[in-house]
Structure formats: structure tokens, C-alpha cells
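Next come the chains, spelled out residue by residue.
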Amino acid sequence: MKTVARYAAAVGPPITFLVLTLILWDAAVVLTGVERYLMPRPADVWQAAREHALTLLRAAVLTGSAALCGLCASILLGTIVAFAFSQSRWLRRSMYPYAIFLQTVPIVGIAPLVISWFGTGFASIVVIAAVISLFPVVTNVTTGLLAVDRTLAELFAVYNATRRQTLLKLRLPAAVPYLVAGAKTSCGLSVIGAIVGEMFAGYGAAMPGLGALIAQTHGRLETAYLFAAILASTLLGVLFFSVASLAAGTILARWHVETR
Amino acid sequence: MQPGTAACADRAEGTDAPLLVEASGIQVQFGPLWAMRDLNLQIRRGEFVSLVGPSGCGKSTVLRLLAGLLPRTAGEIRVAGAEPSVARRHQVRVSFVFQDATLLPWRSVAANVSLPLELAGVSREERACRALEALTRVGLADFARYYPQQLSGGMRMRAALARALCNSPELLLLDEPFAALDDLTRRQLNEELLALWLRDRWTGVFVTHNIAEAVFLSTRVLVLTPRPARVAAEFHIGLPLPRSDELRGEPEFARLVGAVSRALRACVQPPYGSDQRPT
Ligand SMILES: Nc1ncnc2c1ncn2[C@@H]1O[C@H](COP(=O)(O)OP(=O)(O)OP(=O)(O)O)[C@@H](O)[C@H]1O
Ligand SMILES: [Mg+2]
């Protein structure tokens, strides 16, 4: 009974807020008489979502896979780059500033460029998702590999650890929580990257991703459908974030580090 | 401040053991700051020497020098006749206990304790065996599979001690290992540490702010001056061994503690360094 009450207390307020918002939204649309192609009613969105459920699901799966591939690529590549940075002061000095600087390049700007290089297909979307999610991994893991506690480094030195031993048994394990934190940030970015990429490239009308659906429905003024597509994108983002949080929690628990 | 060393009456036994540590005229400079200027130190095998001195005077720096972790600006240090960093690689098994436990959070207690052996390339079976033995000695055998986060502060310190003992050290350097503990736990660990020393007779160099602790554990107490560190006074602690916690109630113990405190106060008082934190 207690747990039910607690559950209700946790879920009750946001649900109430949602219902109220929907009612207000609906009332506002009806009362102001605004055009439906500018602002659909909640029921219209629901209708569109049900009508195009299969297309939306397929699009979400497609976008999700592209984002996932991009994310995996960025984690792998980012770790390798960070490792190189941590091993060579010269490399770090000359290139690390750019790694930070490049983080601020807006992905919307380079998406068309990537598409003109890699074509309007799945590959381009993966590349865009990977590029946007690469830098958090690079900067976090580099920091983690370098920010080893001084006393721990001395501990290894006292026991005559070789460079290799210090790397394998101290630096790399100590960087894992940093990698997890970086990957968590990248996770959200990869979904955004995939959707933005698709808005430019799509996969052709036969098999659109969520970004392409957004672009198409916007073009055809199918606003209710557009809302449904945005909703699906949001849900995809939430899914990514939840899975990432869960994975992060599991890994950090295994690492026995306090969760930040 | 009296120059050189002011030796105390209580001459201890066993002064003919071979020298393990010989340091003369050590100077250490951190940028413009002199941490040490003309420090002299001699430690015989089997001694337990405590260093006390005002905060920031360079006690940790002494231990780092002996472990070969820090370069010096000038002076000679010999550990078993060799450069400290060479000695720890080839001549003497050295262990270090830091002020905080410095356990690796992703390793179990047993895996933490056997780290020195692992780094030395000892086989897995022998490692497990010796780690368990070291853990038993500090009373943590039941916690071998735990992780550092699951231990209390005192238990973590014990684990750190077990790790230091695991490689059967000949020279054990301890930097305020019990500073973060409550008085009761500290006194209990003092007794345990002394028993471990009596059993294996490694050479101990122990840094502390707690004078009673220094007197209780040591065969010799060195009082260091404020930075730049020099040995201001030396006390041979002739209290009989083995020692138990009751010793702290004895008049002789109180007398020695008083003498060391006075020496410490005498060397701190006059030119109170502008950037010196009070202890
Ligand atoms: N790596 C370093 N770089 C610069 N200065 C240092 C460094 N290590 C120590 N010092 C300086 O050398 C002096 C002695 O430091 P040390 O840590 O040996 O003091 P301590 O006697 O152990 O002090 P405490 O009792 O507070 O631990 C301090 O004034 C400190 O500022
Ligand atoms: Mg210190």
C-alpha cells in the first residue's frame, strides 16, 4: 500500500500537469479559432499519430539505429583520440585546443557539407551523429586519463610500476567514470545529430527517418503529423537517455565509484 | 632554535645495527621556496623513527625523498648505500602508507592489498595467499571481498596498512596514516602497528602531528624545525617493549611527551613564519 501511495505521489503531479496543459491547449485552439495548419488540436495530433503509427515507428527505428551507430563510432574513436592525447604531450599541446574549439562549431552548419561528401544515405547520417557526439568523449576521456590523483600515481611509483602497468591498472580504469559521463552527454547529442542530418538528407520518400518526416510534413503543412513526428523524436531521445542512464549507473556501480 | 641535534639522555639499545638511511646536507627547493636546507638524517635497520614538526615544515617531503619520489636540489641520500630510487628497485623493499588510504575504488580489498605483489609480477596464487595473510594481520580477513567504499575510515586505513605490509617491506614509510581517525581507533591501530613492527622488525619512518603517538610507537623521535626543515632535537625513547596502551598512563611516558612538546614549541615559537599555518 505504501509503495502505491508513494508511486502515486511521484506520478500524480506531472500527470495532472500534462492533462491540464492538454485541456488548456485544446481550449486555446478552439477559442482563438487559429488555423489548424498552424496549431492542431491535441486530438488531431493523436489521430495523426495513430494513422501514421507504422511509418513513425519505422522512422524512429531508422533514426535510432543511425544515432546508435554514430554514438558507438564516437565512443570508440573518441577514446582512441583521447588515449593518443594522453600519451603524447606534443600531440596534446598541438591539437587539444582544436578539440575544444571544434566543439562549438554548430552541427547544422556542417551537415550539408557531410551530405555532399557522403551522399544522401544512412552513412551520412551516421557520420553527422558521430561528429556531433565525438567531442564530449574526447574531452572527458582525455581529462580522465590525465587527472589521475597524485598520491595514487606516487603509490604506483613506490612499487616500481612500469609505465605500461600504470596505464593499464591506474590510468585507464580511473578514466572509466569520465568515459561514462562523456558518453552520457554524447548519447543525447547523437539523436539530435541524426535528426538534423535527416532533415537535410532523408533517405528518400520510401523510407524516411524522423528528421525527414519532420521536413516533409512541414513542407506539406501537415502540422498534426509534424507534431506527431516531433513527439516521436522526443520519445526516442528519452529512450536513449534512459538507456544511457541505466548503463551508466550499472557501470559506475561495478566500478564502485560514487555516482556524481 | 638550537643548531644541530640536542640528544636526550635515554640512549636506546641496538645502536650498532647497520645504517639503512643516510642523508646529509639535503636541500630541496620548490621554485623560490626552500622546503629543506641542510637536513641530516641517519636511520639504522630495525629502528622506528617518528618525525614531528609544524605543519608545512617538510615532513612529507622527507618521506618522498626517502622513497625516491622527489628530486632534491643538493645533498646526499643513501638508502642501503644507493640512490633512493635505485634502492627501491633493486636493494630494499619499500612501502609507503599515505595520509589517506589511497585504495583503488574499482578493486576489492584483497586486490588492493595485493597490488604491490601484482606490480612485482608475483603469481596469482601466491598473491591471494599473501594478501589474505596481510589482511589477517590487520584484522580484516573477513572483508577481503569488500570494496573500499563499503569500509569505514579505520578499516580503510587498516587495508592500506595491509597493502604496505603485503610485500614484506624492509623500509616502511608512513605519512600521518592515522590523522583522520578518532582517538580510540588511532590508539588501537598504534598498538597493532607496534606489534606488527615488533614481529617483523622492518625499519619504520613515521610522520605524525600527535606527539603521544610518536612517543608510543618509536625508538627515536626527531623534532623538525619550521621550513626549511632541519632536525631541531632528537629523543631516544627507552620505554620497554612490547608496549601496551596502558603505557600512556605512566609518568615516564608523560615526561617524554612533555619533553618532545617543549622541544617542538621551542623551535616553532620565535620567528613564526608569515605563511605558516598553526598546528
Ligand atoms: N609539489 C610541491 N610543489 C611546491 N611546493 C611544495 C610541493 N610539495 C611541498 N611543497 C611545499 O614544501 C613545504 C613542505 O611540504 P610538506 O608536504 O613536506 O609539509 P609537511 O611537513 O608534510 O606538512 P603537513 O604536516 O601539513 O603535512 C610546504 O611549505 C609546501 O608548500
Ligand atoms: Mg605532510
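These numbers were taken from a predicted model, which means no experiment stands behind them.

Our next topic: the overall build of chain A. For chain A, the count of helices and strands is ten helices and zero strands. In sequence order, chain A lays out its α and β elements as α-α-α-α-α-α-α-α-α-α. The C-alpha extent of chain A, read off along each of the three principal axes, is 75 × 60 × 30 Å. Scored against the burial criterion, the 260 residues of chain A give a buried share of 39%. A separation threshold of at least 6 residues defines the contact pool for chain A, and within that pool the share at least 24 residues apart is 73%. When the accessible surface of chain A is summed, it comes to about 14600 Å², and 72% of that surface belongs to carbon and sulfur atoms. Positive and negative charge centroids in chain A, built from 18 and 9 side chains respectively, lie 17 Å apart.

For chain B, the helix and strand inventory stands at nine helices and nine strands. Over its C-alpha trace chain B gives a radius of gyration of 19 Å, about what one expects of a compact globule, namely 19 Å for 279 residues. Across its three principal directions, the C-alpha atoms of chain B cover 55 × 45 × 40 Å. The 279 residues of chain B split such that 54% are buried. The contacts of chain B with a sequence gap of at least 6 include a subset with a gap of at least 24, amounting to 72%. Split by element, the accessible area of chain B, about 11700 Å² in all, is 50% carbon and sulfur.

This part takes up the interface of chain B and chain A. At the junction of the two partners, chain B supplies 23 residues and chain A supplies 20 residues. Roughly 2100 Å² of surface becomes buried between chain B and chain A when both sides are summed, with 63% attributable to carbon and sulfur atoms. Broken down residue by residue, the surface that chain B buries against chain A is led by B:Trp106, B:Leu119 and B:Gln149, which jointly contribute 32%. Our count for the contact surface shared by chain B and chain A stands at two salt bridges. A salt bridge links A:Glu154 to B:Arg64, with the shortest nitrogen-to-oxygen separation between them at 2.6 Å.

Another aspect to go through is the domain arrangement of chain B. Reports often express the size of an interface as the amount of accessible area lost when the parts come together. Residues and elements named next belong to chain B. Per the domain assignment, the segments making up chain B are domain 1 (45–69 + 82–93 + 170–270) and domain 2 (103–168). The centre of domain 1, based on its C-alpha atoms, is set 24 Å off from the matching centre of domain 2. With 16 residues of domain 1 at the contact, the number on the domain 2 side is twelve residues. At the boundary of domain 1 with domain 2, total buried surface from both sides reaches about 1100 Å², with 66% on carbon and sulfur atoms. Our count for the contact surface shared by domain 1 and domain 2 stands at two salt bridges. Of the charged contacts, one joins Glu192 and Arg158 as a salt bridge, the two residues approaching to 3.3 Å between their closest N and O atoms. For the interface between domain 1 and domain 2, the tally reads four residue pairs in polar contact (both at pLDDT 80 or more). Contributions of two or more residues to the side of domain 1 that touches domain 2 are made by strand E6 (171–175) and helix H7 (183–200). Along the lines of polarity and charge, the residues of the side of domain 1 that touches domain 2 split into nine nonpolar, two polar and five charged.

Residue and element names in this part refer to chain B. With nine bridges joining them, strand E1 (residues 19–30) and strand E2 (residues 33–44) adopt antiparallel strand pairing. Following the sheet pairing, Val21 is matched in E2 by Ile43. Counting the residues that bridge the hairpin from E1 to E2 gives two residues, and of these Gly31 lies at a positive phi of roughly 60°.

Parameters at a glance
Residues numbered from 1 in each chain as written. Chains lettered and ligands numbered in written order. Predicted model: local features only at pLDDT ≥ 70, side-chain atom pairs only at ≥ 80, totals over all residues. Heavy atoms only, no water. Helix = DSSP H or I, 4+ residues; strand = E, 2+ residues; numbered from the N terminus. Buried < 20%, exposed > 50% of the residue type's maximum accessible area, 1.4 Å probe, protein only. Contact = heavy atoms within 4.5 Å. Areas by Shrake-Rupley, 256 points an atom, 1.4 Å probe, with all protein chains shown as cover. Lys, Arg positive; Asp, Glu negative; His and termini not counted. Charge placed at Lys NZ, Arg CZ, Asp CG, Glu CD. Rg over C-alpha atoms; globule rule 2.2 N^0.38 Å. Buried area = accessible area lost by both parts, 1.4 Å probe. Salt bridge = Lys/Arg side-chain N within 4 Å of Asp/Glu carboxyl O. Domains from an automatic or database assignment. Polar contact = N/O pair within 3.5 Å; in protein donor to acceptor, adjacent residues only side chain to side chain. Nonpolar A, V, L, I, M, F, W, Y, C, P; charged D, E, K, R; others polar. Pairing = 2+ DSSP bridges.

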